Amino acid sequence: MSWSKDTWQTISPIYNRIIKMPFIEELMDGSLPLEKFQFYMSQDSAYLENFGRALALIGARAYDTQNMLTFLQFAENAIIVESALHESYFKEFGVSEKAIVQPACHHYINFLKSTAALDNLEVAMAAVLPCFWIYKAVGDYILENQKDGENTYQAWIDTYAGEEFGEAVTKAIQICDEHAEKTTPQIRARMTEAFVTASNLEYHFWDAGYSLRTW
Ligand SMILES: Cc1ncc(CO)c(N)n1
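Each chain carries its own residue numbering, running from 1 in the direction its sequence is written. It should be noted that, the model being predicted, local features are given only for residues of pLDDT at least 70 and side-chain atom pairs only at 80 or more, the latter also being counted only at that level, while totals for whole chains, interfaces and linings use all residues. Only hydrogens and water are set aside; all other atoms, that is, all heavy atoms of the structure, feed into the side-chain values.

The name an unreviewed UniProt entry gives the protein chain is Aminopyrimidine aminohydrolase, with Zunongwangia endophytica as the organism. The UniProt entry for the protein chain carries this comment under Pathway (unreviewed entry): "Cofactor biosynthesis; thiamine diphosphate biosynthesis." UniProt positions are given in the numbering used here, feature names are shortened, and annotations may be inferred rather than shown by experiment. In its Function (unreviewed entry) section, the UniProt entry covering the protein chain states "Catalyzes an amino-pyrimidine hydrolysis reaction at the C5' of the pyrimidine moiety of thiamine compounds, a reaction that is part of a thiamine salvage pathway."

Right, dumping it as structure tokens:
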């Protein structure tokens, strides 16, 4: 079995917990209180900026120019999505500028940046993969299971269930599998560990949004 399939199985309990979270269920039926979405958005803006920095760092460390280009494009896209948040959602949902980075977001972005800077390249690539894969899976899940009718949060859902994001996710998975195949069992195990950690941090990011957890 490929590293990615195997690893997705490992985190499937985490994924199954994520799709049952009140944050996701209420996002799906549009009943999520605005205050929780605003908190999430303000944190996600900081997240995306730093996710972009981690991706650019991985791009700089890539073994060849093809993967370098791919990760630099991922980084560019994270910045584009971050500015889209500012241009549309921030105004539409009344999110104020530059929020303080709260614990769950702080933990996640520092995990990503330190892994991207200091860990093996393969491990760094695995650490950022749940950011792609879990969002795609959650976006698809919501799109398939939501009821007909207006949903305040539809634009958010469409971003992650969309085809363009789907292509990036497929590419990110493929690159991780190629690197997992060529590396040592020890590094491969650390790739899995980083993937599990990032998946747990995704859970906590939404959980913090729902409970408005601050310092
Ligand atoms: C916390 C988090 N993880 C992943 C994504 C998708 O890139 C996002 N926007 N926010």
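Back to the write-up after that little detour.
**Q** Go over the site of the ligand, please, and point to the residues and values.
**A** When we say a residue is near a molecule or strand, we mean one of its heavy atoms is within 4 Å of it. Taken together, the residues surrounding the ligand are Asp44, Tyr47, Leu48, Phe51, Cys131, Tyr135, Tyr160, Glu202 and Phe205. Think of a polar contact as two N or O atoms within 3.5 Å of one another; within protein, one of them needs to be a possible hydrogen donor and the other a possible acceptor, and neighboring residues in sequence only count if both atoms come from side chains. Within the side chain of tyrosine 160, an N or O atom sits 2.9 Å from a nitrogen atom of the ligand. Taking glutamate 202, its side chain carries an N or O atom lying 2.8 Å from a nitrogen atom of the ligand. Protein coverage of the free-state accessible area of the ligand, which is 290 Å², stands at 98%. A run of DSSP states H or I qualifies as a helix once it reaches four residues; a run of E qualifies as a strand once it reaches two. Both are numbered from the N-terminal end. Put simply, the parts of the chain that give the shell around the ligand at least two residues each are α3 (34-61), α6 (121-145) and α9 (185-211). Counting residues per element, the shell around the ligand draws most heavily on α3, which supplies four residues. Of the residues contributing to the shell around the ligand, the split by class is seven nonpolar, no polar and two charged. Each accessible area is a Shrake-Rupley result for a 1.4 Å probe, and residues are judged covered by the shown protein chains and nothing else. Throughout this entry, Asp, Glu, Lys and Arg are counted as charged residues, while Ala, Val, Leu, Ile, Met, Phe, Trp, Tyr, Cys and Pro are counted as nonpolar. The remaining residues, Gly among them, count as polar.

**Q** A description of the side chain of threonine 115 should follow, citing residues and the corresponding values.
**A** Note on placement: threonine 115 falls in helix α5 (residues 103-118). Classification of threonine 115 as buried rests on a relative accessible area of 7%. Among all residues touching threonine 115, those that are not within four sequence positions of it are Arg61, Val123, Ala124 and Ala127. Only protein chains enter the calculation, and the probe is 1.4 Å; a residue is then buried if its accessible area is under 20% of its type maximum, exposed if over 50%, and partly exposed in between. Should any heavy atoms of two residues lie within 4.5 Å, those residues are counted as being in contact.

**Q** Give me helix α7 (residues 154-161): which residues, what numbers.
**A** Those residues of α7 not exposed but buried are Trp156, Ile157, Tyr160 and Ala161. Here the buried residues of α7 occupy an arc of 120 degrees about the axis, which is enough to place them on one side. If you follow the buried residues of α7, they end up packed against α2 (22-29), α3, α4 (65-92), α6, α8 (163-182) and α9. The reported arc concerns the directions from the helix axis to the C-beta atoms and nothing else.

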